Structures are given as structure tokens and as C-alpha cells.
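# Summary of the model geometry
As a plain string of letters, each chain reads:
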Amino acid sequence: MQFAHNSVVWFRQDLRIHDHPALTQACEFAQLHDSNLTAIYFVTPKQWAEHDVAAIQIDFIERHIEQLNQRLAAIGIELTVVNLSTFDDILPWLKAYCAEHHIGQIFAANESEFNERQRDIKLINAGIPLRLIEQDCVLATGTVNNLSGQMYKVFTPFSKAWKKIASSQPIVPLGIPAFRQPIAAPSLSRFNCDEFYPQRVTSELWAAGEDCARKQLKQFIENDIADYQQYRDLPAIDGTSKLSPYLAIGVLSPRQCVAGILFYYPDALVNDASPAKTWLNELIWREFYRHLLVAFPKLSRSQSFNELGQFIQWRNDNDEFQAWCQGQTGYPIIDAAMRQLNQTGWMHNRLRMVVASFLTKHLLIDWRWGEQYFRQHLIDGDLAANNGGWQWSAGTGCDAQPYFRVFNPMTQSSKFDPDASFIKHFVPEVADWSLKHIHEPHLKAHHINSMADLFSERAKQEKAYPQPIVEHGFARKRALEVLGALKRG
DNA sequence: CAGGCCTTGCT
DNA sequence: GCAAGGCCT
């Protein structure tokens, strides 16, 4: 029998060749042994459907896989796309592959989600020579702890500790490994997802490719990061980085983002007044939620962080949930946000908080319903951040919003979309309403005053837009009673 | 261990 | 001004 010197790099949610430690180590291994190195990607649509991965994200992934294929070929690595069904199919496939191709080592980036970790542990226990490289976070999960040696449960002390550690070590992204002579890029198997994803959904708002992502990162840090704090809450303005789709599938690494910040703002980790501090904090939130996912695996299984969360008496009215999903609640700001999600696969962060608060508090619908709907539609779907954000809104999470803080959709509307230009774009029915009525829709009279109105286009349109699904004062009081009951026991 | 502190607000 | 209560040092 031939000695097993060949190796594989297994790509998951890390679809890039820059700053990819597992890829780099695989190349070094193959150079050392003068052996073969190939790359694989597993398509597991049944697993993805169980995880509520959005069709638009799968399309985004497939477009990046084609790009990755070209880039890998340029350094002499052949990529194979393998169509399977679930994670459980990977073990037999890898067993056969390792035997046939004399594979001695499989390199892969670690993942923080529970099922993904279980998959890897099972493979290792079954004898698959899988070597996991910690590269999911800038600072590996489990390495940022309080003085008791435990994971932090409050963001601010976590972020301080994180910055202290990060500032004491070099943050230098790896380049593209110089490996072998280019080969012709192989033709890849198409993703076979039709059974679980009959509808293909493509986004034109995010270009595919590592080069696009890197350019967008550079431009954001160079031009926009200092204004981020000022503009990030205004959905009508392009004030956010819009990099989340790339981070979610690993076209960019978080280390590239932090290194980018430090290139332009070298003191960002130690200077609390740095213009880059607000966006840096967002990256640290990403790390916080991932570290939590590993420290508290129940979060991956949709259990509330706060034990009391399981006792909340959700109303869970299905018709109201549908109205929320479809952007038909009668609150223009809520409906504009949900339609942005439905139409583009992305929603502005401020609005994610607004609609999450509305669903969980005004409608008293279980945050899990909203979390699932978000994942099913977001191009940047990411378990850690999505779960963290929803539990923060619902008040069940780690370092969450207090239960008695109920966002006022009218205040949020006038504060963050003052001229209603965002709302009007996604809810044209209200485009000719006064600003006052757009922000405070309950003041808008929906009466039809005359026969002329009845037949006018305007009357039809206004009739088509629903009355507010629930009155704010009433809903607020109801939420405080239901959620407050828990605390009183 | 007592005391300061705690993402994005509300009335 | 207020709204708990737990976390962190």
C-alpha cells in the first residue's frame, strides 16, 4: 500500500484564498511531502434546508465557488464540488476518497456552530485525518475570558479584553499561498439543490468574488468608516459597510477587516476616540456572538440564553405573523423594512432591530419565528449574529435589551427616516401621504368620503394599504404585562 | 465584595 | 427621570 502523503483542503464558510490559514498550511504540507493537494466543497441541500439557509445565500455561495475555482486553479489546485444531502453523507464519502487517493491530511477552517462542530468531531472520531485550523474569529473562541476564566456575559468588558489581547499581538492577514503552476480550471458540478430549493434566487446587489469584496472593504475603510457612527442608523443613506454577505460565507475574513482598520487607524485598538471605533465594535460584536455560541451550545438549538425565556406566554398569532412577513402591518416603517428583506435579501441593521422589537413585543410572537424567517431570506444569514440579535431584541439573550424597553415604531420612523424617502421607496402606497401620517399611520383617516373618492385610483391605493395591525399604546402595555410577569414570578 | 456599570430608549 | 438585576473587577 502506498503511503498516505496526499492532502485535501476542505472549503466551508471560508470561500477565499487570501488570509486562509488552512489553505496555507495545506500548501506547506504538500510542499514538504512533495505530494498532491486538492480542494473539495460539499453541497448539502437537505442540511441547509434544515438550517433554514436562504436560497439567495446558496446562490451567492455558488457564484463564489466558481470564482474560487478559478483562483485555486491559478495556484495549481483542483477544486471538486461534491453533491451530497446532509452532513452525515460526508463520512462515507471522505472514507472512500481518502483510501482511493492516499489522503493523509485534510485541512479545514473551524466553524463555531453546534451541528458543524459535531460533524467535525464525528469525522475525527471515525478516523478521518481532519485537521481544524482556528480562523473563524480574529481571536479564537474560548480565548477571551474574564478573571474567573469564563466567557464574558456582558459585551463591554468582553470588548475591552478583546482589544487588549488583539493590541498585544500582530494582526497580519496571510497572502495567497504561492503553490504550483497554474492548471486549467476544472468544470464544476452544478449545485444540485432543486429538491429543497426549487426556486433559484439571485441577488444583483452583491457582486461575486474576492476581489470585489476586498475592494469594497478598502473603500469603506478609506472613505466611509469615520462617518459610520453618524450615518449607520439611516436606512435611506448608504452608511453601513454592506460587507456582511461576504463575511457570512468567508469571502472576507474578520482579520482582514481588523487589519484594514489598523492600516488606516493604527491606534484603533487602544484609542477609544478613534474614528474607526464604532465599526470596530461591530466586528467585536460578531466575535462576541460566536464565542457565545461555542460557550453555550444551546444557542445553536434555538434555546433562549435566559432560562426564563422559555416561560414567556407568546401569542403567536399566525395571521399577524404573516402580515409582518409580507410587510402588511400598517406601520410604513415596519413594512418598508420587511419588503426590503423580501425584495433584496438584506435589511438595514437599524430596521432589523425595529422589526424584531415589533414582532416580539408589539405582536408577542416568539423570537424564533422571526429568527427563522430572517435566516430563510437573508443573503448574510449567520446563526451566531442572527440568534444574538433576535435574543437581544426579545430580551431573552446575553447582555440583552431589558424587557421593558419597547421600541416605539413611530419614534423610530421619524428619527431614522425623517423625510420618509426609504419608506416611500418600499411602500409606494403611502408615497403621497403627509410625513406626519407616514410616521404616525394611526392618525391617517382611512374613510372614503365620497363616491368620487371611491372610484379614484388614490382611494383604491389607500384602501389597499392596511390599518395599523395593533395600536402602539395598547401593545406596549400588553408586552410589559406579559414580559414583566416573568420577573415577578 | 461593594460599588460601578451596562449598544443602538421611552414617556 | 426612569426602568431590573446581574455581571465584573
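Look up a bit, the structure's there.
In what follows, the accompanying structure is described. Since the model is a prediction, treat every value here as computed from it, not as a measurement. All residue numbers refer to position in the chain's written sequence, counted from 1. Lettering for chains starts from A, numbering for ligands starts from 1, and both go in the order in which the items are written. A pLDDT threshold of at least 70 governs which residues receive local features in this predicted model, and a stricter bar of 80 or more applies before side-chain atom pairs are shown or counted, although totals over entire chains, interfaces and linings include all residues. With hydrogens and water stripped out, all remaining heavy atoms of the structure feed into the side-chain values.

### Examining the side chain of Arg286
What counts here: Starting at the N terminus, helices and strands are each numbered in turn, a helix being any DSSP run of H or I of at least four residues and a strand any DSSP run of E of at least two. Accessible area is worked out with a 1.4 Å probe on protein chains only. A residue is then buried under 20% of its type maximum, exposed over 50%, and partly exposed in between. Charge convention: Lys and Arg are scored as positive, Asp and Glu as negative, and His as well as the terminal groups of each chain are ignored. Salt bridge criterion: a side-chain nitrogen from Lys or Arg within 4 Å of a carboxyl oxygen from Asp or Glu. Residues count as neighbours in contact if any of their non-hydrogen atoms are within 4.5 Å of one another.
With respect to the helices and strands, the residue Arg286 is situated in helix H11 (residues 277–295). This buried residue, Arg286, is left without a salt bridge; Glu287 holds the nearest opposite charge, at 4.2 Å. The residues touching Arg286, leaving out its near neighbours within four places in the chain, are Asp136, Leu247 and Pro254.

### Digging into unusual backbone geometry
Look at His102: it is not a glycine, yet its phi comes out positive at around 55°. Looking at the secondary structure, you find His102 in the loop between helix H4 (90–101) and strand S4 (103–109). A positive phi angle, close to 50°, is found at Asp399, a residue other than glycine. The residue Asp399 is located in the loop between helix H16 (383–394) and helix H17 (409–416) in this model.

### Overview of the nonpolar core
Most often, soluble globular proteins have nonpolar side chains that are buried together. Where we set the bar: Think of a nonpolar core as a cluster: buried Ala, Val, Leu, Ile, Met, Phe, Trp, Tyr and Cys residues, connected wherever their side-chain atoms sit within 4.5 Å.
In this structure, Tyr41, Leu72, Trp162, Phe191, Ile261 and Trp279 are the most contacted members of the largest nonpolar core, which totals 82 residues. Counting residues in each nonpolar core, the second largest holds 45 residues, with Trp314, Phe358, Val470 and Ala475 among its members.

### Remarks on the protein's contact with DNA strand B
Using the following cut-off: Here a residue is considered near a molecule or strand provided that any single heavy atom belonging to it is located within 4 Å of it. Residues adjacent in sequence count toward polar contacts only when both atoms are side-chain atoms; beyond that, a polar contact is any pair of N or O atoms within 3.5 Å, and within protein one must be able to donate a hydrogen and the other to accept it.
Taken together, 20 residues lie near DNA strand B, and Thr156, Trp285, Arg350, Asp399 and Asn408 sit nearest. Of all atoms in DNA strand B that approach within 4 Å of the protein, 61% are sugar or phosphate atoms. Within the side chain of Trp285, one N or O atom sits 3.3 Å away from a base oxygen of DNA strand B. At the level of secondary structure, the elements contributing two or more residues to the surface near DNA strand B comprise helix H6 (155–167), H11, helix H14 (349–362), H17 and helix H22 (472–488).

### Some thoughts on the pattern of salt bridges
On inspection of all chains with the given rule, the structure shows 24 salt bridges. In this structure, the salt-bridge partner of Arg200 is Asp59, at a minimum N-O distance of 3.1 Å. Of this pair, Arg200 sits in the loop between H6 and helix H7 (210–224) while Asp59 sits in helix H3 (residues 55–74); the two residues are 141 residues apart in sequence, bridging distant segments of the chain. Exposure remark for Asp59: the relative accessible area of 3% places this residue in the buried category. Classification of Arg200 by relative accessible area gives partly exposed; the value is 47%. By sharing partners, the salt bridges in this structure join Arg12, Glu111, Arg119 and Asp120 into a single network.

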